[in-house]
Amino acid sequence: MKSFTALFLLLGLSNTASAASCCGGGFAFPALIMGDDKAQLTTSLNYAEVTDDVLANKKWIKRGDGNHSQTFKIEAATLLSDTVQTGISVPVTTRTIANENSTGLGDIALTLGHETLPERSYSRWKPKGRTFLQVIAPTSPSIYDAMNTLASDSRGRGFFTVGGGVALVKIFGRYDANASLELHKSFARDFTSPANGGTITATPGFGHGWSIGGGWNKGDFRLGTSFSGLYEDAVKISGAQTSNGAIQKNVTWSTMLNYMQGMESAWTLSYADQTLFGSPENTSLSKTITLSYQTRWQR
């Protein structure tokens, strides 16, 4: 049961990734091995629809322009030693806004993880924990350099981002709990596009994300739920245009059903909604359905 639940927990954490729905930005939960395995491979396909915009003054605007996307993502992680691991996440996204669409690579993330809180002996309360460093590379267009009229080719945030955090999991019989916390810094870049009227310098700041969740396990199935939050400092613009920007924040509620297909693979079906909780600001809100499959190799 513990082996089953450990895999379920990782799938649950992966599906609480904090991301801004407007352009695929944000700081996603990293590809981490949380169980006692030497490698794992996760593939996922999601469909997301942007239903609302929230302005910096917290005013809500209902969207009706058919803004939706499909993302296929491959995530892989492997041990480098007994306690150190590395991982990579590669998304490919198709975005459609009205009659405009675009397909291409999203932002690629690289992860280095460490088994900081191992579970070597029984403890009723002590969780198993991994600390991690993550680098996100701007390998896709962003809203600052998109070329399409409606920016449907915007699939990333546009910045090099470096962050670190901790992920914790704990099993209590048929029940489980998980939590994560991270802090990240994005770095300024110059962008040139006709929409900008020349070259601008976009200067972001710090951001952080968190998640907390739990689940109930019975046999080969698990039913879980989670909350995750994202905060980003304002992005200041200078050059051909000037703006002080505004902070961005949102909260995502997720529910998921996991099915263990043998000892080394599992399926997850999840639903995520950014419109139900929290006090969002300066963000687009989406509803997302995701189907994931994970296979792993034991030590």
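What you are looking at is a predicted structure, and each value in this text was computed from that prediction instead of being measured.

Caption draft 1: Seen up close, the pairing of strand β18 (residues 265-273). Of the strand pairs in this sheet, strand β17 (residues 248-260) and β18 are connected by 8 bridges, and their pairing is antiparallel. Residue pairing for β18: tyrosine 259 is matched across the bridge by tryptophan 267. Hairpin connection from β17 to β18: 4 residues lie between these consecutive antiparallel strands, with glycine 262 at a positive phi of about 85 degrees.

Caption draft 2: Local environment of a nonpolar patch on the surface. A contiguous nonpolar patch, built from Trp125, Phe172, Tyr175, Trp216, Phe221, Leu223, Leu257, Tyr259, Trp267, Leu269, Ile289 and Leu291 and spanning about 1200 Å² of accessible area, is present on the exposed surface. Where the nonpolar patch is concerned, the elements lending two or more residues are β15 (221-232), β17, β18 and β19 (283-298). Inspection of the secondary structure puts tyrosine 259 in strand β17. On the basis of relative accessible area, tyrosine 259 is assigned to the partly exposed category, the value being 33%.

Caption draft 3: Spatial organisation of the confidence of the model for the chain. Of all residues in the chain, 91% have pLDDT values of 70 or greater, and the mean over the chain is 90. Contacts of residues 17-24 to residues separated by more than four positions or lying in other chains number 35 contacts, the stretch itself having pLDDT below 50.

Caption draft 4: Here's a closer look at the sheet that holds strand β13 (residues 198-203). Strands sit in the order β12-β13-β16 across an open sheet of 3 strands; the sheet is antiparallel. Each edge of the sheet is formed by a strand with only one pairing partner; in this case those strands are β12 (189-193) and β16 (236-239). Direction aside, the axes of adjacent strands within the sheet are offset by 30 degrees on average. As judged from the 5 bridges shared by β12 and β13, these two strands associate in the antiparallel manner. Looking at the pairing, phenylalanine 191 lines up with isoleucine 200 of β13.

What counts and what doesn't
Residues numbered from 1 in each chain as written. Predicted model: local features only at pLDDT ≥ 70, side-chain atom pairs only at ≥ 80, totals over all residues. Heavy atoms only, no water. Pairing = 2+ DSSP bridges. Helix = DSSP H or I, 4+ residues; strand = E, 2+ residues; numbered from the N terminus. Patch = residues over 30% accessible without salt bridge, like charges linked within 9 Å, V, L, I, M, F, W, Y side chains within 5 Å. Areas by Shrake-Rupley, 256 points an atom, 1.4 Å probe, with all protein chains shown as cover. Salt bridge = Lys/Arg side-chain N within 4 Å of Asp/Glu carboxyl O. Buried < 20%, exposed > 50% of the residue type's maximum accessible area, 1.4 Å probe, protein only. pLDDT = per-residue confidence, 0-100. Contact = heavy atoms within 4.5 Å. Axes fitted to C-alpha atoms, helices over the stretch in contact; angles between N-to-C directions.

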